[in-house]
Amino acid sequence: MTTYRERLTAPASWWLAALVFAAAWGWIMLVATNWPIAIVTTAIVAGPGLYVVWRYGSLLIAVDSDGLRVGRASIDRAHIGAVEPLHRAAYRLKLGTGADARAYLVTRPYIDRGVLIPLADDSDPTPYWLVSSRRPDALAAALGHTENAPTAPAHDPNGDPPRGEEEG
């Protein structure tokens, strides 16, 4: 039985960028040749571009009775330590100067929060997984083991306004 399921998808701007890139190639071919070649070129460039956006942008995160599955990777429940939901500032820190090079990262650049999942397995050299999530609190709750997890910060210590709330 699945207790949590989240599908991450690429934002609309990525899809638009792939289409604009294909249209630009089509326009170049139209200027240099004729309509049929321009249309074929647009289709040939758009196909792989849209496939790359779909493939990279789509990620399934699921929690069930067995454990956590992120894409093709999985962790058994027995190996999950104290899960920590990370909001913007803490997430950025774990991706930057606070990162461990041995960590397993499943992150997406269009999401600015996630979950830190320490591994409770002494034989595994990976200290933790860092997983992007639009709902880190719900994912952490579904995984359990959140005894000492911090709450969302009142402000971003970096001084940046949260996404969607930029001044100006």
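Refer to the preceding data block for the structure.
What counts and how
Residues numbered from 1 in each chain as written. Predicted model: local features only at pLDDT ≥ 70, side-chain atom pairs only at ≥ 80, totals over all residues. Heavy atoms only, no water. Salt bridge = Lys/Arg side-chain N within 4 Å of Asp/Glu carboxyl O. Helix = DSSP H or I, 4+ residues; strand = E, 2+ residues; numbered from the N terminus. Buried < 20%, exposed > 50% of the residue type's maximum accessible area, 1.4 Å probe, protein only. Pairing = 2+ DSSP bridges. Axes fitted to C-alpha atoms, helices over the stretch in contact; angles between N-to-C directions. Contact = heavy atoms within 4.5 Å. Polar contact = N/O pair within 3.5 Å; in protein donor to acceptor, adjacent residues only side chain to side chain.

Novice: Just to check I follow, could you spell out the pattern of salt bridges for this structure?
Specialist: Side-chain pairs of opposite charge can arise whenever the charged atoms involved come near each other. A full pass over the atoms with the stated rule returns 3 salt bridges. Linking Arg88 and Asp112 is a salt bridge whose minimum nitrogen-to-oxygen distance equals 3.3 Å. With Arg88 in helix H3 (residues 88-95) and Asp112 in the loop between strand E6 (104-106) and strand E7 (114-118), this residue pair connects regions lying 24 residues apart in the sequence. Per residue, the accessibility class of Arg88 equals that of Asp112, and both read buried. One salt bridge connects Asp100 with Arg102, and the closest N-O pair in it is separated by 3.0 Å. Given the relative accessible area of 25%, Asp100 is considered partly exposed.

Novice: Got a minute to help me understand the sheet that holds strand E8 (residues 128-132) in this structure?
Specialist: With mixed pairing, 4 strands are arranged side by side in an open sheet as E5-E7-E8-E6. Of all strands in the sheet, those with a lone pairing partner are strand E5 (84-86) and E6, marking the two edges. Here the strands of the sheet are splayed against their neighbours by 20 degrees on average, with no regard to which way each runs. Sheet topology note: the E7/E8 ladder contains 5 bridges and is antiparallel. Following the sheet pairing, Gly114 is matched in E8 by Ser132. Across the sheet, H3 lies against E5, E7 and E8, angled at about 125 degrees from E8, the strand it touches most. On top of the sheet, helix H4 (residues 136-143) reaches E5 and E7; it is set at about 30 degrees to E7, its chief contact.

Novice: How should I be thinking about the side chain of Ser132 in this particular structure?
Specialist: Note that Ser132 resides in strand E8. Among the polar contacts made by the side chain of Ser132, one reaches the side chain of Tyr91 at a distance of 2.6 Å. Reaching out from Ser132, the side chain makes a polar contact with the backbone nitrogen of Arg108 at a distance of 2.9 Å. In this structure Ser132 touches Leu8, Ile61, Tyr91, Val106, Thr107, Arg108, Ile111, Arg113 and Gly114, once residues within four positions along its chain are discounted.

Shape descriptors only; they carry no functional weight alone.
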